[in-house]
Amino acid sequence: MMNILIKSCTLVSPASSHHLKVVDVLIENGIISKIAADIKPSETKTIDAKGKYLSVGFFDLNANLGELGLENKEEFISGSAAAAAGGFTGVGVMPNTQPPVDAKAQVEYLKNRAKGLLVDIYPYGTISQKKEGKDLAEMYDMTQSGAVAFTDGTAPVQDAGLMERALLYAKGFDALVISYPEDSSIAGKAKMNEGEMSTYLGMKGIPNIAEELMIVRDLYLAEYTQSKIHFTSISTAHSVALIKAAKAKGLQVTCDVTAHHLVLTEQALHDFDTHYKVKPPLRTNADVEALLAGIKDGTIDAIVSQHTPHEIEFKEVEFETAAYGITGLQTALPLLFKAGLNAQEIVEKLVIGPRDILGLPQPEIKEGAQANLTLFDESEWDYTTENNYSKSKNSPFIGEKLKGKVWLTINNHQLYEAK
């Protein structure tokens, strides 16, 4: 990596003595060698960062990167490129794979595949064997091999006894269980939110209670076992209220929300556009407002991309049969600016919160530290198939002008620079 001088950036790093100050940052051989009000350029590449924010690299808690078995949708190389273009230097990878990541050999394979990339990839293991929700997977062995959390991903654990055992087992070695909250017996085979739009379109809907019942169940289990739990992709106003009350009681609970649930509602489905078919489903304006309030008051700890790539044949079909999910790594930042978040709030939910949830060390912006950085601002840019780095193109935002651009992403002595 070449030496770089970043001039006149606004540093957004609460742990730094330079927080919210305009400074120059010199990076030599991948290391932050100097931070000062004015550094004279020499032979180094100089970046004019006036009006731009410099933070520690973003971290995504919920992404699907194809490996194992779904490399036709995404690979670590393409997923890492998309993540870097979105400002992410760390990604937690869901075990929504074929086969699911339920043994230490698979974790070790993924760790080996992730070597040498700009983006640090952190595999999650499954809670149950083969994600079948019947028997516990080899959670401890997977932890020893590098798994940083456990979840059955898009196959929520329906058996309360299994979830109780998972929480107790994970507590023994301080592992984190991630719950995707959905009661499948209530959600059924419905494809969108139950409400005004589902009635208008004549489709069965997924009621809010399908999510909220599972949150209530898992909160009770976490309280009973005195274990920590994380809820991913919450989407309703009452879910926010339940988790807020649990935190007030002192439970070890954290949660995240997807970036697209902060700006989109069920109204986007008025013409059956499959690019807006996601899970949990897009909800109402009232839910969006509650989610944003939960971010402001600290109830929601992190924001995720829920990057879910699919080939065209999984999306260019009838709404009923289309796959769930959108690619999100490159659009997370613009959606957060669109939702009204400022740079400090974005850093709190994309940098600090995710790493705290997983118990990972927080990179620092200080002299002598390895550079793990993202330079971004509110500039507009056109999102096209040409600058889409994912192997898949299932995003409703391709073809749109977005506000919120990543200019540089630096990590592991490597550099992404926007064109």
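Bear in mind that the values here come from a model prediction, so they are computed numbers and not experimental data.

Chemist: Please clarify how the nonpolar core should be interpreted in this entry.
Modeler: Grouped burial of nonpolar side chains is what soluble globular proteins tend to show. Counting residues in each nonpolar core, the largest one holds 112 residues, and the members touching the most others are Ile-6, Val-25, Phe-231, Ile-234, Leu-262 and Ile-303. Considering every element that reaches this core, the biggest residue donor is helix H11 (residues 343–358), with 6 residues. Other than its neighbours up to four places away in sequence, Ile-303 contacts Val-257, Thr-258, Ala-259, Leu-262, Ile-295, Leu-336, Leu-341, Lys-349 and Leu-350. Judged by nonpolar contacts, the second largest core, of 13 residues, contains Val-148, Ala-149, Ala-302 and Ile-357.

Chemist: Would you explain the sheet that holds strand S8 (residues 120–123) in this entry?
Modeler: Hydrogen bonds between backbone atoms are what pair the strands of a sheet, whose relative direction is either parallel or antiparallel. If you trace the 3 strands from one edge of the open sheet to the other, you get S6-S7-S8, paired in parallel fashion. Each having just a single partner strand, strand S6 (58–63) and S8 make up the two edges of the open sheet. Put simply, the sheet's adjacent strands are angled 20° from each other on average, direction ignored. Judged from the 4 bridges that link them, S6 and strand S7 (residues 88–93) form a sheet pairing that is parallel. For Ala-63, the partnering residue across the bridge sits in S7 and is Val-93.

Chemist: Would you explain the pattern of salt bridges in this entry?
Modeler: Applying the stated criterion to the full structure yields 18 salt bridges. For Asp-174, the salt bridge goes to Lys-228, with nearest N and O atoms at 3.1 Å. Here the residue Asp-174 occupies a position in the loop between helix H4 (160–171) and strand S9 (177–179), and Lys-228 occupies one in the loop between helix H7 (208–225) and strand S12 (229–231), the gap between them amounting to 54 residues. Of the residues examined, Asp-174 reaches a relative accessible area of 56% and is grouped as exposed. Across the pair Glu-223 and Lys-249 runs a salt bridge whose closest N-O atoms are separated by 3.2 Å. Here the residue Glu-223 occupies a position in helix H7, and Lys-249 occupies one in helix H8 (residues 237–249), the gap between them amounting to 26 residues.

Chemist: Help me out: how do you make sense of the layout of surface pockets in this one?
Modeler: Space left empty within the atom packing is revealed by a probe, the size of a water molecule, rolled over the atoms. Roughly 630 Å³ of volume is contained in the largest pocket. The wall of the largest pocket is formed by 29 residues, among which Asn-96, Thr-154, Thr-308, His-310 and Tyr-324 lie closest to the centre. In this structure, the second largest pocket occupies an estimated 220 Å³ of space. Along the walls of the second largest pocket sit 14 residues, with Trp-381, Asn-387, Lys-405, Tyr-416 and Ala-418 positioned nearest its centre. Only strand S15 (373–382) and strand S16 (401–411) provide two or more residues apiece to the lining of the second largest pocket. For the lining of the second largest pocket, a count of residues per class yields 7 nonpolar, 4 polar and 3 charged.

Chemist: How do you make sense of the sheet that holds strand S14 (residues 302–304) when you look at a structure like this?
Modeler: Sheet architecture is open: 4 strands sit in the order S9-S12-S13-S14, paired in parallel fashion. The open sheet terminates on both sides in strands that have one partner only, identified here as S9 and S14. Each neighbouring strand pair of the sheet contributes to a mean axis angle of 30°, computed without reference to strand direction. Sheet contacts for H7: S9, S12 and strand S13 (253–258); angle to S12, the most-contacted strand, approximately 165°. Along the sheet, H11 contacts S12, S13 and S14; its crossing angle with S14, the most-contacted strand, is approximately 100°.

Chemist: What is the right way to read the domain arrangement of the protein from this model?
Modeler: Taken domain by domain, the protein holds domain 1 (4–54 + 366–379 + 402–417) and domain 2 (57–358). Each of domain 1 and domain 2 has a C-alpha centre, and these two points are 30 Å apart. Taken together, the contact between domain 1 and domain 2 spans 23 residues of the former and 22 residues of the latter. The contact between domain 1 and domain 2 buries some 1700 Å² in all, and 65% of this surface belongs to carbon and sulfur atoms. In this assembly, domain 1 and domain 2 are joined by 0 salt bridges. The interface formed by domain 1 and domain 2 holds 12 residue pairs in polar contact (both at pLDDT 80 or more) in total. Every element with two or more residues in the side of domain 1 that touches domain 2 is listed here: S15, S16 and strand S17 (414–417). The leading source of residues in the side of domain 1 that touches domain 2 is S16, at 8 residues. Its residues assigned to classes, the side of domain 1 that touches domain 2 comprises 11 nonpolar, 8 polar and 4 charged.

Calculation criteria
- Residues numbered from 1 in each chain as written.
- Predicted model: local features only at pLDDT ≥ 70, side-chain atom pairs only at ≥ 80, totals over all residues.
- Heavy atoms only, no water.
- Core = buried A, V, L, I, M, F, W, Y, C linked by side-chain atoms within 4.5 Å.
- Buried < 20%, exposed > 50% of the residue type's maximum accessible area, 1.4 Å probe, protein only.
- Helix = DSSP H or I, 4+ residues; strand = E, 2+ residues; numbered from the N terminus.
- Contact = heavy atoms within 4.5 Å.
- Pairing = 2+ DSSP bridges.
- Axes fitted to C-alpha atoms, helices over the stretch in contact; angles between N-to-C directions.
- Salt bridge = Lys/Arg side-chain N within 4 Å of Asp/Glu carboxyl O.
- 1 Å grid on protein atoms, 1.4 Å probe; cavity = no way out; pocket = protein on both sides within 12 Å on 5 of 7 lines; lining within 4 Å.
- Points joined across faces, edges and corners; volume = space filled by probe spheres on them.
- Nonpolar A, V, L, I, M, F, W, Y, C, P; charged D, E, K, R; others polar.
- Domains from an automatic or database assignment.
- Buried area = accessible area lost by both parts, 1.4 Å probe.
- Polar contact = N/O pair within 3.5 Å; in protein donor to acceptor, adjacent residues only side chain to side chain.

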